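Reading the structure
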Amino acid sequence: MATAVANGGAKDPATTRVMSVYSEVQTSRLNHTLPLPSVLRAPYAMTDGPPSSAAGNPDEIAKLFPHLFGQPSAKLVPASDSSAAPSGPLKIGVVLSGGQAPGGHNVIAGIFDYLQQKAKGSTVYGFKGGPAGIMKCKYVELTPEFVYPFRNQGGFDMICSGRDKIETPQQFKEAEETAVKLDLDGLVVIGGDDSNTNACLLAEYCRSKNMKTRVIGCPKTIDGDLKCKEVPASFGFDTACKIFSEMIGNVMVDARSTGKYYHFVRLMGRAASHITLECALQTHPNIAIIGEEVATKKQTLKNVTDYITDIICKRAELGYNYGVILIPEGLIDFIPEVQTLISELNEILAHDVVDEAGVWKQKLQPECQKLFDFLPQAIQEQLLLERDPHGNVQVAKIETEKMLISMVETELEKRKAEGKYAGHFKGQSHFFGYEGRCGMPTNFDASYCYALGYAAGALLHCGRTGLISSVGNLCAPVEEWTVGGTALTSLMDVERRHGKFKPVIKKAMVELDGAPFKKFASMRDEWAIKNRYISPGPIQFMGPGANDVNHTLLLELGAVQA
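Residues numbered from 1 in each chain as written. Predicted model: local features only at pLDDT ≥ 70, side-chain atom pairs only at ≥ 80, totals over all residues. Heavy atoms only, no water.

Topic: the overall build of the protein
Stated precisely, the cut-off is as follows: Secondary structure counts use DSSP, requiring at least four H or I residues in a row for a helix and at least two E residues in a row for a strand, with both numbered from the N terminus. Atoms counted for the radius of gyration: C-alpha only. Globule rule: 2.2 Å times residue count to the power 0.38. Between buried and exposed lies partly exposed: a residue is buried under 20% and exposed over 50% of the maximum accessible area for its type, with that area taken using a 1.4 Å probe on protein chains only. The contact rule is simple, with two residues in contact once any of their heavy atoms fall within 4.5 Å. Areas reported as accessible are Shrake-Rupley estimates using a 1.4 Å probe. Residue values count occlusion only from the protein chains shown. Within this scheme the basic residues Lys and Arg register as positive and the acidic residues Asp and Glu register as negative, but His and the chain ends are omitted. Working definition for charges: the position is that of NZ of Lys, CZ of Arg, CG of Asp or CD of Glu.
For the protein, the helix and strand inventory stands at 20 helices and 17 strands. Scaling as 2.2 N^0.38, a compact globule of 562 residues should have a C-alpha radius of gyration of about 24 Å, and the protein matches this with 25 Å. Dimensions of the protein along its principal axes, counting C-alpha atoms only, are 80 × 55 × 45 Å. Across the 562 residues that make up the protein, the buried fraction comes to 56%. Excluding contacts between residues fewer than 6 apart, the proportion of contacts in the protein whose partners are at least 24 apart in sequence is 78%. Carbon and sulfur atoms provide 51% of the accessible area of the protein, an area that totals close to 23,700 Å². If you average the places of the 58 positive and of the 63 negative side-chain charges in the protein, the two averages end up 2 Å apart.

In structure tokens form, the structure reads like this:
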């Protein structure tokens, strides 16, 4: 049954969900009360840690951020009374930057509620369409009625997101003009590693201009690659992995029911394989390829193909002609020989036209020619034709799962002719990606995001800038979570681009000596041969499993043993 939003629902015509019809589950989530860490509910004080450094090349980071580098992280601690607490209203802007992740609306709700409760009379502006909204001064003033329909809901449609960056002198000037026009005391940038790098650059700019506007970041990405000791998780990862795991569990039951399909599932996460690893821990597939292991072992595409084929052959001997295989979206990025091929293709095709005679191919090095010919024709065409505006292959668009199906088929036919394989193989391809980005957030992500937003409000209220909102002790009850802010420059390294050093937040990769991978590695051989499938089912908001934390976080924080 569907129910229209009522009892305090939005009335502002600017709200995109005014006329929405909500399901009973959505409606029940609107009024779901979120717990807060105890330090945010009572009088607090803010203490500083030791001076910070950088994740790499501190001397270069210091040159790029002369006004921010070395500043300490901050931590909220209980205070005996409220006399030391900041007071007075603020004018704060908030922007969603980059791809969607479940829980983003709760970050905004957390910021809004903090200011409503702790800094009465404050104003919150939501910049529309991402950073471009800042530069073009496109915003909406948030009100209780405007925010209400988005509480505990998925998506970024409250103000929408965008992938623009504020990086040229003109763009910084436009951002400055907006901040001055709205008399902003602060800005919260909700985004991933690139967006938070941009937030730090904006904070540096504002401080260099002696502007009163301070900038705080919030860690967002379903890929799970924005994290460190002080920032144990990026929001959205928990929800997305549970959505994907439900879908994987469904195809596992399908595979077992028909007994004749191998489901090759490509999962979002180009730069790191955290999603693939977490979903493997949740569902126990027959095979899960972890890109970081492939790179460390310098495996070739044939090595990967042979590994999959070997397991299929062993399963066929046991009478199993079905299975489930998980593949990270960025697998190709982890295979050195493929990267060499792509690099050569980019260089050749920047000057040559692909001709039927294949003259251009003669310019490839012999090993690259051999690899190119080894690839299925459909993948060859994608490598040649699907190019971005800069002339580079769009690796994320390469259908790796279909490529592997074709290559495994070829290898199995060869082995069948040699009498080494007597089973039958049918591959089914899937890509699970966008389905996980806007799901209704789990209880964990809903509470985590709300605390991140509330913490961002506290950091701005205390006059901090250039920090990323940090909530820790996440395996404990919410009341025991720690709250603070981590210096953004402490997460940074530099890359050399066009002859200049450019700051970047280092992506957190799957660590092969980390507890999550060790747990997976200790179990995968059994999963390969025996059917240990787990079907987690849909996300729960009440009852068993409703408050479960994902395996990656539990293992990394030592709450369970590897």
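A look at the sheet that holds strand β4 (residues 74-78)
Heads up, the rule is: Pairing between strands is defined by DSSP: at least two bridges between the two strands are required. For helices, the fitted line uses only the C-alpha atoms of the stretch in contact; every axis is such a line through C-alpha atoms, and the angle between N-to-C directions lies from 0 to 180 degrees.
In spatial order, the strands read β3-β4-β15-β14-β9-β8-β5-β6-β7; together these nine strands make up an open sheet with mixed pairing. Each end of this open sheet is capped by a strand with a single partner; those strands are β3 (44-48) and β7 (139-141). Strand-to-strand twist of the sheet, defined as the mean angle between neighbouring strand axes without regard to direction, takes the value 30°. Relative to β7, strand β6 (residues 123-127) runs antiparallel, the two being bridged by three bridges. In the strand pairing of β7, G126 is matched with V140. Across the face of the sheet, helix α4 (residues 104-118) comes into contact with β3, β5 (91-96), β6, β8 (186-191) and β9 (214-219) while running at roughly 175° to β5.

Quick look at the pattern of salt bridges
The condition that has to hold: By convention in these notes, a salt bridge is any Lys or Arg side-chain nitrogen within 4 Å of a carboxyl oxygen on Asp or Glu.
Within the structure shown, the criterion is met by 23 salt bridges. Note that D193 and K507 form a salt bridge whose closest N and O atoms lie 2.9 Å from each other. Here D193 is found in helix α8 (residues 193-208), whereas its partner K507 is found in the loop between β17 (500-505) and α19 (515-529), with 314 residues between them in sequence. Here K242 ties to D238 by a salt bridge, and the two come within 3.0 Å at their closest N and O atoms. In this pair, K242 and D238 are both assigned in helix α9 (residues 237-258), four residues apart and thus about one turn of the helix distant. A cluster of three or more residues bridged by salt bridges with shared partners is formed by K302, D306, D310, E411 and R415.

Comments concerning the environment of N106
Following the sequence through the fold, N106 ends up in helix α4. Spatially, the C-alpha atom of N106 lies 8.8 Å from that of L452, the residues being 346 residues apart in sequence. The residues touching N106, leaving out its near neighbours within four places in the chain, are L34, F150, R151, N152, A446, C449 and Y450.

Observations concerning helix α7 (residues 169-181)
Condition: In this scheme, a helix's expected span is set at 1.5 Å multiplied by one less than its residue total. As used here, the arc belongs to the directions running from the helix axis to the C-beta atoms.
Compared with an ideal rise of 1.5 Å per residue, which puts 13 residues at 18 Å, α7 spans 18 Å between its outermost C-alpha atoms and is within 8% of the ideal. Listed in full, the buried residues belonging to α7 are F172, A175, E176, T178 and A179. The arc that holds every buried residue of α7, seen down its axis, measures 160°, which confines them to one face. Along α7, exposed side chains directed more than 90 degrees from the buried face belong to P169, V180 and K181. Close packing links the buried residues of α7 with β6, α5 (131-135) and α8. Downstream of α7 by one or two residues, D183 has phi in the positive range, about 55°.

What to know about the sheet that holds strand β10 (residues 262-267)
Taken together, the four strands give an open sheet; going across it, the order is β11-β12-β10-β13, and neighbouring strands pair in parallel fashion. At either margin of the open sheet sits one strand with a lone partner, and together these are β11 (287-288) and β13 (427-432). Note: β10 against β13, six bridges, orientation parallel. The residue bridging L267 from the neighbouring strand is F432, located in β13.

Quick look at the packing of aromatic side chains
Rules: Two rings from Phe, Tyr or Trp (for Trp, the six-membered ring) form a pair when their centres sit within 6.5 Å of each other. Planes less than 30 degrees apart are called stacked, planes more than 60 degrees apart edge-to-face, and all others tilted. Placement of a positive charge over a ring is assigned whenever Lys NZ or Arg CZ falls within 6 Å of the ring centre and within 35 degrees of the normal to the ring plane.
The full count for this structure, using the stated rule, is 14 aromatic pairs. For the pair Y448 and W481, a centre-to-centre distance of 6.3 Å together with 85° between the ring planes defines the contact as edge-to-face. Residue Y448 is located in helix α18 (residues 443-461), and its partner W481 is located in the loop between β14 (467-472) and β15 (482-487); the two are separated by 33 residues in the primary sequence. With a relative accessible area of 0%, Y448 lands in the buried category. Over the face of the ring belonging to Y322 we find R315, whose NZ or CZ atom lies 5.4 Å from the ring centre. Its guanidinium or amino end placed over the ring of F501, R496 lies 4.5 Å from that ring's centre, counting from NZ or CZ.

Points about helix α12 (residues 301-317)
Structural remark: α-helix, 3.6 residues per turn; residues separated by three or four positions point the same way. Here α12 contains 17 residues, and its C-alpha end-to-end distance of 25 Å stays within 8% of the 24 Å for a straight helix at 1.5 Å per residue. Taken together, the buried positions of α12 are L301, V304, T305, D306, I308, T309, I311, I312, C313, R315 and A316. Directly after α12, the chain includes G319, whose backbone phi takes a positive value near 90°.

With respect to the state of the cysteines
Spelled out, the test is: Note on disulfides: each one is a pair of cysteine sulfur atoms within 2.5 Å.
A full pass over the atoms with the stated rule returns zero disulfides. Cysteine C206 is unpaired, with the sulfur of C200 as its nearest cysteine sulfur at 11 Å. In this structure C449 is not part of a disulfide, and its nearest cysteine sulfur, from C218, lies 8.4 Å away.

Quick word on the confidence of the model for the protein
In plain terms, the rule: For every residue, the predictor reports its confidence as pLDDT, a number between 0 and 100.
Overall, the prediction assigns the protein a mean pLDDT of 92, with 94% of residues at 70 or greater. Across residues 1-15, confidence stays below pLDDT 50; counting only partners more than four residues off in sequence or on other chains, it has 34 contacts.

Side note on the pairing of β15
Along β15, five of the six residues are buried, which leaves the element largely enclosed by surrounding structure. Pairing of β4 with β15 involves two bridges; the strand directions are antiparallel. Bridge pairing in β15 places K75 opposite G484.

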